[in-house]
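Take a look at the letters that make up each chain.
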Amino acid sequence: MSDTLRQDIIFKILKIAAENSDLGSDEQFSLAESGTKAMFAKLMNEGASSSAGEDSDREKARTKRRMKKKDRNQRKEHVGRFFLRLVEKNIKKPELPHCLLPVFANSVQSTIGVEHYEQMSDKISRLLEFGEKKGYDYDQILDSKPGRSIAGEILTLYKNEMGAGSFEKLLKNSLDETLVKNISNIENGQELNIEDTVNLAYSEFNKYLSAS
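Residues numbered from 1 in each chain as written. Predicted model: local features only at pLDDT ≥ 70, side-chain atom pairs only at ≥ 80, totals over all residues. Heavy atoms only, no water.

Colleague: Any chance you could explain the overall build of the protein chain here in plain terms?
Modeller: Secondary structure assignment for the protein chain yields nine helices and zero strands. Overall, the protein chain shows an N-to-C arrangement of helices and strands of α-α-α-α-α-α-α-α-α. Across the 212 residues that make up the protein chain, the buried fraction comes to 29%. For the protein chain, the share of sequence-separated contacts (at least 6 apart) that also reach a separation of at least 24 residues comes to 73%. (Helix = DSSP H or I, 4+ residues; strand = E, 2+ residues; numbered from the N terminus. Buried < 20%, exposed > 50% of the residue type's maximum accessible area, 1.4 Å probe, protein only. Contact = heavy atoms within 4.5 Å.)

Colleague: Could you clarify how one ought to interpret the pattern of salt bridges in this entry?
Modeller: Using the criterion set out here, one finds six salt bridges in the structure. Across the salt bridge formed by aspartate 143 and arginine 85, the nearest N and O atoms sit 2.9 Å from each other. Pair noted here: aspartate 143 is in helix α6 (residues 138–143) and arginine 85 is in helix α3 (residues 78–91), with a separation of 58 residues, a long-range link. When the shortest N-O distance is used, the salt bridge between lysine 207 and glutamate 204 registers 3.3 Å. One end of the pair is lysine 207 and the other is glutamate 204, both in helix α9 (residues 194–211) and three residues apart, which spans about a single turn. (Salt bridge = Lys/Arg side-chain N within 4 Å of Asp/Glu carboxyl O.)

Colleague: Help me understand the packing of helix α5 (residues 114–133) against helix α7 (residues 145–161) in this model?
Modeller: Angle between the axes and distance between the axes are the two parameters that describe a pair of packed helices. Here α5 crosses α7 at 175°, and the two axes come no closer than 11 Å. The angle between α5 and α7 places the two elements in the roughly antiparallel class. For the pair α5 and α7, the contacting residues are His116, Met120, Lys123, Ile124 and Leu127 in the first and Pro146, Gly147, Ile150, Glu153, Ile154, Leu157 and Glu161 in the second. Split into classes, the residues belonging to the contact of α5 with α7 amount to seven nonpolar, two polar and three charged. (Axes fitted to C-alpha atoms, helices over the stretch in contact; angles between N-to-C directions. Parallel < 35°, antiparallel > 145°, perpendicular 65-115°, else oblique. Nonpolar A, V, L, I, M, F, W, Y, C, P; charged D, E, K, R; others polar.)

Colleague: Looking at this structure, how should I read the environment of threonine 4?
Modeller: Position of threonine 4 relative to the elements: it lies in helix α1 (residues 2–19). By relative accessible area, threonine 4 is classed as partly exposed at 43%. Taking the C-alpha atoms as reference, threonine 4 lies 9.9 Å from leucine 43; in sequence the two are 39 residues apart.

Colleague: Honestly, the nonpolar core in this entry has me stumped. Any pointers?
Modeller: One recurring pattern in soluble globular proteins is that nonpolar side chains are buried together. Ranked by size, the top nonpolar core spans 40 residues in total, and within it Phe82, Ile154, Tyr158, Leu171, Leu175 and Phe205 carry the most contacts. Among the elements of the structure, α3, α4 (101–112), α5, α6, α7, α8 (167–182) and α9 are those that each provide at least two residues to this core. The contact partners of isoleucine 154, leaving out residues within four places of it in the chain, are Val79, Phe82, Phe83, Val108, Ile112, Met120 and Ile124. (Core = buried A, V, L, I, M, F, W, Y, C linked by side-chain atoms within 4.5 Å.)

Colleague: Which parts of the structure should I look at to understand the packing of aromatic side chains?
Modeller: In this description, an aromatic ring pair is defined by two values, namely the gap between the centres and the angle between the planes. Taken as a whole, this structure holds six aromatic pairs when the rule is applied. On the basis of an interplanar angle of 75° and a centroid distance of 6.2 Å, the ring pair of phenylalanine 83 and phenylalanine 205 is categorised as edge-to-face. Placement of the pair is phenylalanine 83 in helix α3 and phenylalanine 205 in helix α9, with a sequence separation of 122 residues. With a centroid separation of 5.8 Å and 85° between ring planes, the pair formed by tyrosine 158 and phenylalanine 205 is classed as edge-to-face. Taken together, the residues span a long stretch of sequence, with tyrosine 158 in helix α7 and phenylalanine 205 in helix α9 at a distance of 47 residues. On the accessibility criterion, phenylalanine 205 (0% relative accessible area) is buried. (Phe/Tyr/Trp six-rings, centres within 6.5 Å; stacked < 30°, edge-to-face > 60°.)

Colleague: It is not clear to me how a nonpolar patch on the surface should be interpreted in this structure. Could you clarify?
Modeller: On the surface, a nonpolar cluster with roughly 340 Å² of combined accessible area is contributed by Ile10, Phe11 and Leu14. Along the chain, phenylalanine 11 turns up in helix α1. (Patch = residues over 30% accessible without salt bridge, like charges linked within 9 Å, V, L, I, M, F, W, Y side chains within 5 Å. Areas by Shrake-Rupley, 256 points an atom, 1.4 Å probe, with all protein chains shown as cover.)

Structure representation (structure tokens):
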């Protein structure tokens, strides 16, 4: 539209000049200026709208890049989320603060190792891509039969790689650190016995692993 309008302005100026060839250049200029004033205003408005549209497109592109980066960061957490989905229903206790649950999810990578972790991550990524194409949301994919199957594989790897070494000590240390960091946000946190809570959390988690 703006290209056509520019051409119309040029033709208008040439027409004014041709029809008023007997006038001096100053008078021709005044006629051309007044005759194309509205057309120039319209052209300027179109340019502003186009610029705003380009700014909007650039902002959308930046947002998309941020979302992709966010997706990449979240993808690192998928394995832990699938594992926790399987575990959390069995270790949730009124006495256990919710802030401790992510500790178990975060322990997956260090326990099963990078190679197994990446394998599970790739499996989950393919499942998520398939599920999203079918219109399923994240929770539905987590709770689907393939989702539970992958979670079971992660659980098996986790149990096989736990070992008898420093696993308990490391996990309890992580639980302790998390509890200390979040205790001010926990209702009645001042009355919470950190050592007892950590031992209970580990005991419930270990009980579930032993039974599954």
